[in-house]
Amino acid sequence: AADMVMSYRSYYNSLIATAIASATNNVGTADVDMSVDDFYDAVFELELKSVPGPYFCILHPRQFADFQESLRAEGGATQFAPATQQMLQIAGQGFAGTFAGVNVMLSSYVTAAANNYEGAMFGFGAIGHKRMIPNPPIGAGTAIAVRQDELLVEITRDASKGLTEVAGNAYVGVGLIEQDRIVGIVTDE
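Reading the values: the criteria
- Residues numbered from 1 in each chain as written.
- Predicted model: local features only at pLDDT ≥ 70, side-chain atom pairs only at ≥ 80, totals over all residues.
- Heavy atoms only, no water.
- Helix = DSSP H or I, 4+ residues; strand = E, 2+ residues; numbered from the N terminus.
- Buried < 20%, exposed > 50% of the residue type's maximum accessible area, 1.4 Å probe, protein only.
- Contact = heavy atoms within 4.5 Å.
- Areas by Shrake-Rupley, 256 points an atom, 1.4 Å probe, with all protein chains shown as cover.
- Phe/Tyr/Trp six-rings, centres within 6.5 Å; stacked < 30°, edge-to-face > 60°.
- Lys NZ or Arg CZ within 6 Å of the ring centre and 35° of its normal.
- Salt bridge = Lys/Arg side-chain N within 4 Å of Asp/Glu carboxyl O.
- Pairing = 2+ DSSP bridges.
- Core = buried A, V, L, I, M, F, W, Y, C linked by side-chain atoms within 4.5 Å.

Caption draft 1: Structural detail: the overall build of the chain. A count of helices and strands for the chain gives 4 helices and 13 strands. Classification of the 189 residues of the chain by burial places 33% in the buried group. Put simply, 70% of the contacts in the chain that link residues at least 6 apart link residues at least 24 apart. As presented, the chain carries roughly 10,700 Å² of accessible surface, and 52% of it is formed by carbon and sulfur atoms.

So, in structure tokens, the structure goes:
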């Protein structure tokens, strides 16, 4: 059952990464490491389109490492606020912290094309998702169906074959709802 949950989460994360890669408005420079300027350019683009905050940013860990390296050269009062243990308990694995009021998430599922990672920054209403689980079968006989939040786990037993089967099913879709609410961050791998 735990493997099913992990597989579902992996699939869901890959769908989000694929959706953000389809942003049509991009900042950053192909074949150049991510910088603080790229981050600010993304914020600027969202502000120009009047996208209400808070903003969220999904980056590949390599993009984030390059961003942090660039951040070391910056001066002034702006600083990155790394995630605390309490923040991780609330936001979950992958939450890196905040910078300039933007919540930064890391994901190794961020896609790459032409040797460039395709992260993104967005506001509410940019990405939509729909989740559905099938109803448990009626009159399943020897099947046991457990309907969880997002998965239907079914266990069946065929004693004559000495076979116990465990199957998990869920349906999910992710897509961009409004292109004006997202900015792609395309930088070197």
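This is not the end of the story, as more comes after the structure.
Caption draft 2: A look at the packing of aromatic side chains. Inspection of the entire model under this criterion finds 8 aromatic pairs. Ring centres 6.5 Å apart and planes at 25° place the aromatic pair Tyr-8 and Tyr-12 in the stacked group. Taken as a pair, Tyr-8 and Tyr-12 lie in helix α1 (residues 2-20) at a separation of 4 residues, close to a single helical turn. According to the relative accessible area criterion, Tyr-8 is buried, its value standing at 10%. Note that Arg-131 overlies the ring of Tyr-12, its terminal NZ or CZ placed 4.4 Å from the centroid.

Caption draft 3: Seen up close, the pattern of salt bridges. Under the criterion given, the structure shown has 4 salt bridges. Residue Asp-180 pairs with Lys-49 through a salt bridge whose shortest N-O separation is 3.4 Å. Here the residue Asp-180 occupies a position in the loop between β12 (171-176) and β13 (182-188), and Lys-49 occupies one in the loop between α2 (36-48) and β2 (55-59), the gap between them amounting to 131 residues. Here Lys-49 falls in the partly exposed class, since its relative accessible area comes to 38%. Note that Glu-178 and Arg-181 form a salt bridge whose closest N and O atoms lie 2.9 Å from each other. By relative accessible area, Glu-178 is classed as partly exposed at 34%.

Caption draft 4: Summary view of the environment of Glu-150. If you trace the backbone, Glu-150 turns up in the loop between β9 (144-147) and β10 (152-158). For Glu-150, a relative accessible area of 25% gives the class partly exposed. Along the sequence, Glu-150 and Ala-170 sit 20 residues apart, while their C-alpha atoms lie 6.3 Å from each other. With residues up to four places along the chain from it excluded, the contact list for Glu-150 reads Tyr-8, Arg-131, Ile-133, Asn-169 and Ala-170.

Caption draft 5: Highlighting unusual backbone geometry. In the segment running from Gly-53 into Pro-54, the intervening peptide bond is cis, with an omega of 0°. You can see Pro-54 is positioned in the loop between α2 and β2. Not every positive phi belongs to a glycine, and Ala-100 is a case in point at roughly 55°. On the secondary structure map, Ala-100 appears in the loop between β4 (95-99) and β5 (102-106).

Caption draft 6: Here's a closer look at the pairing of β13. Burial analysis of β13 places 7 of its 7 residues in the buried class, which makes it a mostly covered element. Relative to β13, strand β1 (residues 26-27) runs parallel, the two being bridged by 2 bridges. Residue pairing for β13: Val-27 is matched across the bridge by Ile-185.

Caption draft 7: Quick peek at the nonpolar core. Of all hydrophobic cores here, the largest spans 22 residues; its most connected members are Phe-39, Cys-57, Phe-67, Phe-80, Val-104, Met-121 and Ile-185. It is α2 that provides the largest number of residues to this core, a total of 5 residues. The contact partners of Val-104, leaving out residues within four places of it in the chain, are Phe-39, Cys-57, Leu-59, Phe-64, Phe-80, Gly-94, Phe-95, Ala-96, Gly-97 and Phe-99.

Caption draft 8: Representation of the environment of Ser-70 within the structure. For Ser-70, the position within the fold is in helix α3 (residues 61-71). Put simply, Ser-70 and Asp-33 are 37 residues apart on the chain and 8.9 Å apart in space, counted from C-alpha to C-alpha. Beyond its immediate chain neighbours, meaning those up to four positions away, Ser-70 contacts Met-34, Ser-35 and Val-36.

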